[in-house]
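Below, each chain spelled out in residue letters.
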2 protein chains.
Amino acid sequence: MDYKFIEGTVTTPKGFTGAGICAGIKDGNTEKKDVMMIKCDTLCNAAAVYTKNLVKSAAILVTQENLKNGKAQAIVANSGNANTCTANGVEVAQGMSKLCASVLGVDSSDVIVASTGVIGVPMRLEPFEQKLYLMKKEMSKEGGTDCAEAIMTTDTVKKEMAMELTLDGKTVTIGGIAKGSGMIHINMGTMLSFVTTDAAISSEMLESALKEAVEDSFNMVSVDGDTSTNDTLAIMASGLAGNKEITEKNEDYKTFVSALKEACKSLAKQLASDGEGASKLLICNVKGAKSKKDAVGIAKTVIGSSLVKTAMFGSDANWGRILCAIGYSGMDVDITKVKVTFVSEAGELIVCENGAGVGFDEEKAKEVLLEDTITINIELGDGKGEAEAYGCDLTYDYVKINGDYRT
Amino acid sequence: MDYKFIEGTVTTPKGFTGAGICAGIKDGNTEKKDVMMIKCDTLCNAAAVYTKNLVKSAAILVTQENLKNGKAQAIVANSGNANTCTANGVEVAQGMSKLCASVLGVDSSDVIVASTGVIGVPMRLEPFEQKLYLMKKEMSKEGGTDCAEAIMTTDTVKKEMAMELTLDGKTVTIGGIAKGSGMIHINMGTMLSFVTTDAAISSEMLESALKEAVEDSFNMVSVDGDTSTNDTLAIMASGLAGNKEITEKNEDYKTFVSALKEACKSLAKQLASDGEGASKLLICNVKGAKSKKDAVGIAKTVIGSSLVKTAMFGSDANWGRILCAIGYSGMDVDITKVKVTFVSEAGELIVCENGAGVGFDEEKAKEVLLEDTITINIELGDGKGEAEAYGCDLTYDYVKINGDYRT
């Protein structure tokens, strides 16, 4: 273990401050924080990954342009409006970056812009014009938590993390925030996440590290199978920890990547367990697949199955649905070798071996499945491929939340 | 229009009789019909298509074997147990076919066997041994309706249809039944469906016609994204209508296929509108795609989106979710040309043009979306590809039904 989790948030790494306020982005909202800014004292190396959806928020277009040189110094983001599928989107996103830059005294081409909320409703720049300048004096080391709150939409809890690791004898910190919680599916299983670090690492290596980290974390989360138009995961590295800058894939790079992967997994699990309406975090761990690809495909299919998700909501050990999902995953698997085990804090229970049911105690099963976090272990006995996916149960509240979100 | 729908069911075509009873397949069930048999007076040409799931019911394995010669004379099917993922499955399925054959006086290799219900619970042959012989005297022309009831699981209404067409100057009848209603997804969007006809058509042409018909009907239905282990659509043709046997793809073949396609669409729509927990039938009609493949991919993705489904449940004109689904469908589309219209008996409403929202009356939108059947028209303005997919909304009841199905 080359890292340890600590109390903290996106502004914990050296050089970062932040603030979040209510700017009234959504008409009538005068209470919920809906705009945030993060600033670094120094110009950072930066990188980001985005939704694969063809329909993209105007915020993403502007951020992609601004990050072309691998540099950033500030982030401005809002909830309440996705700034997507509207005529004036790019104009507004550029306006956000300019206002943020002028308030914080940075270059507008060094601003990361992100939005989340309703699609297709034109977003006004006025709330930013009226409120952004008020945030200048609010920017603080503790402000990261307000940032986490400001990007929440249907999230019920804010998501944040911080960790420490040692690079080149120096203590390096990674911090992050994220928001879910619906429209979340593999290939950017998040809507927005901002990660910061004080590690010294080149833009190129930072982008490479982010891509490696996202593969096993955000890209393994599924809440409802819908891929958002606004997914953005951005990372900024201030270099203020004082380690020798990572410019190649050396040992320090490996240490950094493995820590960053755990940081992203922490945020990804927080997203999954607060998936819209979720009452439980589901983890599907696949071992013994013919290849990594097969393991990933199976883990994602099982975690995405509506029938598995509803069974878990009902604490029903309906393992047949898991076999069924494995069967339609399209992956290369010998069903007659499959073993399925449910694991939680209440114990573990083998429910299927060699592709067929084994007798088990229904009372014990209920006990295991009534816990908040359920791990579904699938052993395929066919090779060395491994993967883990994160999701949540499908509940009445998911339907409630999404049946009338817009109005 | 070369066909007309008539009152009737799977036993309406000449030569067919059927019966359905309660055999107590599921322990404690003494009321719900759970076993059915259909018989034809003559040996029929027959064909079937099955689930693509790697995990298959033992019933499918036996049916595949029995249909190798393209002939069948009877069907035996049960609900309450899927006969899947158990050690003795094939033995029980073979037992079912032998018992059915001996009761009805047909060859056991001419029996189609099908099961639906819980996966992984060993099925006993005793209920069939004790009850099947009682059904012999129940077999009747009206019995098809009992057959439709006997295959229901979480279905709330039975699904049946009949239609007439003219081939070679003769009146030909097609009849069918089907059951859903969860674990339904594209590529066999059904669990079980049996279709009969008195048309004279060779086994080879019948199989070809079935495959054509299923493409635009059952394969375009999605309820919850889960592909069942038991999906079976079987067709039997008695030839008793007296038309000249169809042995090649001539005009009669084309007439038969287009009628069969409508017959299958009727059953597919019945499945979709009675999807688990459904309160509405959703139809997604895509026009102007670059290719048929693109149209199919978009229609299926939109109809399968949990967020679109919950919005429709809430009668919420959240068209942004439709654009979002088009965007992640993976199909070739120019988002800036997309037009979306909601249509129902209450009228029609354009909500999006050129990929951006158009102002619309929210009251009018509610009115349109409060109807039982909602058509989402998507025009892409990019070519001639067309497709239509069938689905339903995602409701509290879906969660309720599936949260505790097994116990």
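Our subject is the structure that appears above.
Okay, so let's go over this structure. Everything numeric here is computed off the predicted structure, so don't read it as measured data.

### A closer look at the sheet that holds strand β11 (residues 281-289) of chain A
In a beta sheet, neighbouring strands pair by backbone hydrogen bonds and run either parallel or antiparallel.
Residues and elements named next belong to chain A.
Here is step 1 of the chain: Spatially, 7 strands are ordered β9-β16-β11-β15-β12-β13-β14 in an open sheet, and the strand pairing comes out mixed. Each end of this open sheet is capped by a strand with a single partner; those strands are β9 (221-222) and β14 (356-357).
Here is step 2 of the chain: When strand β12 (residues 339-344) meets strand β15 (residues 373-379), the two strands line up antiparallel, connected through 5 bridges. Bridge pairing links V343 to T375 in β15.

### As for the interface of chain B and chain A
Here is step 1 of the chain: Every contact between the two is made by 51 residues of chain B and, on the other side, 51 residues of chain A.
Here is step 2 of the chain: Carbon and sulfur atoms supply 60% of the area buried between chain B and chain A, which totals about 4,100 Å² over both sides.
Here is step 3 of the chain: For the pair chain B and chain A, the number of links is 6 residue pairs in polar contact (both at pLDDT 80 or more).
Here is step 4 of the chain: Among the residues making up the side of chain B that touches chain A, the classes are represented as 23 nonpolar, 19 polar and 9 charged.

### Here we look at the packing of aromatic side chains
Any two aromatic rings considered together are summarised by their centre-to-centre distance and by the angle between their planes.
Here is step 1 of the chain: Per the counting criterion, the structure on display carries 5 aromatic pairs over all chains.
Here is step 2 of the chain: Note on A:Y396 and B:Y396: the rings are 6.5 Å apart at their centroids and 45° apart in plane angle, and the pair reads as tilted. One end of the pair, A:Y396, is in helix α11 (residues 396-403); the other, B:Y396, is in helix α11 (residues 396-403), on a second chain.
Here is step 3 of the chain: Exposure remark for A:Y396: the relative accessible area of 30% places this residue in the partly exposed category.
Here is step 4 of the chain: Feature note: the residues A:F313, A:Y396, B:F313 and B:Y396 constitute an aromatic cluster, connected by ring pairs.

### Some words on the sheet that holds strand β16 (residues 385-392) of chain B
Residues and elements named next belong to chain B.
Here is step 1 of the chain: Reading across from one edge, β9-β16-β11-β15-β12-β13-β14 is the order of the 7 strands in this open sheet, with mixed pairing throughout. Unpaired on one side and paired on the other, β9 (221-222) and β14 (356-357) mark the two borders of the sheet.
Here is step 2 of the chain: Docked against the sheet, helix α7 (residues 292-304) engages β9, β11 (281-289), β15 (373-379) and β16, running at close to 20° with respect to β16.

### Here's the deal with the relation of the copies chain B and chain A
Here is step 1 of the chain: Under the fitted operation, chain B is carried onto chain A by 0.0 Å of movement along the axis and a turn of 180°, and the coordinates agree to an RMSD of 0.0 Å. Here the transformation between the copies is reduced to the relation of a two-fold axis. No C-alpha of chain B lies nearer the rotation axis than that of B:Y396, which sits 2.6 Å from it.
Here is step 2 of the chain: Comparing interface residues between copies, 100% of those in chain B also sit at the interface in chain A, which points to an isologous, same-surface contact.

### Comments concerning the packing of helix α5 (residues 203-215) of chain B against helix α6 (residues 251-273) of chain B
Residue and element names in this part refer to chain B.
Here is step 1 of the chain: Close contact between α5 and α6 brings their axes to 9 Å; oriented N to C, the two are set at 45°. Considering their axes alone, α5 and α6 lie oblique with respect to each other. Considering how the two elements wind past one another, α5 and α6 form a crossing that is right-handed. Where α5 abuts α6, its residues M205, L206, S208, A209, L210, E212 and A213 lie against Y253, F256, V257, L260, K261 and C264.

### Here we look at helix α9 (residues 320-328) of chain B
Here is step 1 of the chain: Within α9(B), 9 of the 9 residues are buried, which leaves the element mostly enclosed by the surrounding structure.
Here is step 2 of the chain: Of the positions making up α9(B), those classed as buried are B:G320, B:R321, B:I322, B:L323, B:C324, B:A325, B:I326, B:G327 and B:Y328.
Here is step 3 of the chain: Looking at the buried side of α9(B), the elements it contacts are α11 of chain A together with α7, α8 (306-313), β12 (339-344), β13 (347-353) and β15 of chain B.

### Focus: unusual backbone geometry
Here is step 1 of the chain: One non-glycine residue, A:N354, lies in positive phi territory at about 50°.
Here is step 2 of the chain: The phi dihedral of B:S315 is positive, around 50°, even though this residue is not glycine.
Here is step 3 of the chain: Looking at the element boundaries, B:S315 is found in the loop between α8 and α9.

### Quick notes on the side chain of B:T84
All names here are of chain B.
Here is step 1 of the chain: Within the fold, T84 resides in the loop between β4 (71-79) and α2 (89-104).
Here is step 2 of the chain: Residue classification places T84 among the buried residues on the basis of a relative accessible area of 1%.
Here is step 3 of the chain: From its side chain, T84 meets the backbone oxygen of A82 in a polar contact 2.9 Å long.
Here is step 4 of the chain: Those residues in contact with T84, other than ones at most four positions away along the chain, are V55, K56, S57, I119, G120, T229 and N230.

### Observations regarding the environment of A:G143
All names here are of chain A.
Here is step 1 of the chain: Relative to the helices and strands, G143 resides in the loop between α3 (126-131) and α4 (144-150).
Here is step 2 of the chain: Owing to a relative accessible area of 4%, G143 belongs among the buried residues under this scheme.
Here is step 3 of the chain: Sequence separation between G143 and V92 is 51 residues, and the spatial gap between their C-alpha atoms is 25 Å.
Here is step 4 of the chain: Excluding anything up to four places from it in sequence, G143 contacts T11, G18 and A19.

### Overview of the side chain of B:D198
Residues and elements named next belong to chain B.
Here is step 1 of the chain: In this fold, D198 is placed in the loop between β8 (192-197) and α5.
Here is step 2 of the chain: Buried and without a salt bridge, D198 has K14 as its closest oppositely charged side chain, separated by 4.5 Å.
Here is step 3 of the chain: Of the polar contacts made by the side chain of D198, one reaches the backbone nitrogen of T173; its length is 2.8 Å.
Here is step 4 of the chain: Discounting chain neighbours no more than four positions away, the residues touching D198 are P13, K14, V172, T173, S238, G239, L240, A241 and N243.

### Focus: the state of the cysteines
Here is step 1 of the chain: Applying the stated criterion to the full structure yields 0 disulfides over all chains.
Here is step 2 of the chain: Its sulfur unpaired, A:C324 is 8.4 Å from the next cysteine sulfur, which belongs to B:C85.
Here is step 3 of the chain: Its sulfur unpaired, B:C100 is 11 Å from the next cysteine sulfur, which belongs to B:C147.

Quick notes on the rules
- Residues numbered from 1 in each chain as written.
- Chains lettered and ligands numbered in written order.
- Predicted model: local features only at pLDDT ≥ 70, side-chain atom pairs only at ≥ 80, totals over all residues.
- Heavy atoms only, no water.
- Pairing = 2+ DSSP bridges.
- Helix = DSSP H or I, 4+ residues; strand = E, 2+ residues; numbered from the N terminus.
- Contact = heavy atoms within 4.5 Å.
- Buried area = accessible area lost by both parts, 1.4 Å probe.
- Polar contact = N/O pair within 3.5 Å; in protein donor to acceptor, adjacent residues only side chain to side chain.
- Nonpolar A, V, L, I, M, F, W, Y, C, P; charged D, E, K, R; others polar.
- Phe/Tyr/Trp six-rings, centres within 6.5 Å; stacked < 30°, edge-to-face > 60°.
- Buried < 20%, exposed > 50% of the residue type's maximum accessible area, 1.4 Å probe, protein only.
- Axes fitted to C-alpha atoms, helices over the stretch in contact; angles between N-to-C directions.
- Least-squares fit on C-alpha atoms with pLDDT ≥ 70 in both.
- Parallel < 35°, antiparallel > 145°, perpendicular 65-115°, else oblique.
- Left-handed = near helix turned anticlockwise from the far one by under 90°.
- Lys, Arg positive; Asp, Glu negative; His and termini not counted.
- Salt bridge = Lys/Arg side-chain N within 4 Å of Asp/Glu carboxyl O.
- Disulfide = S-S within 2.5 Å.

What is shown is where atoms sit, not what they do.
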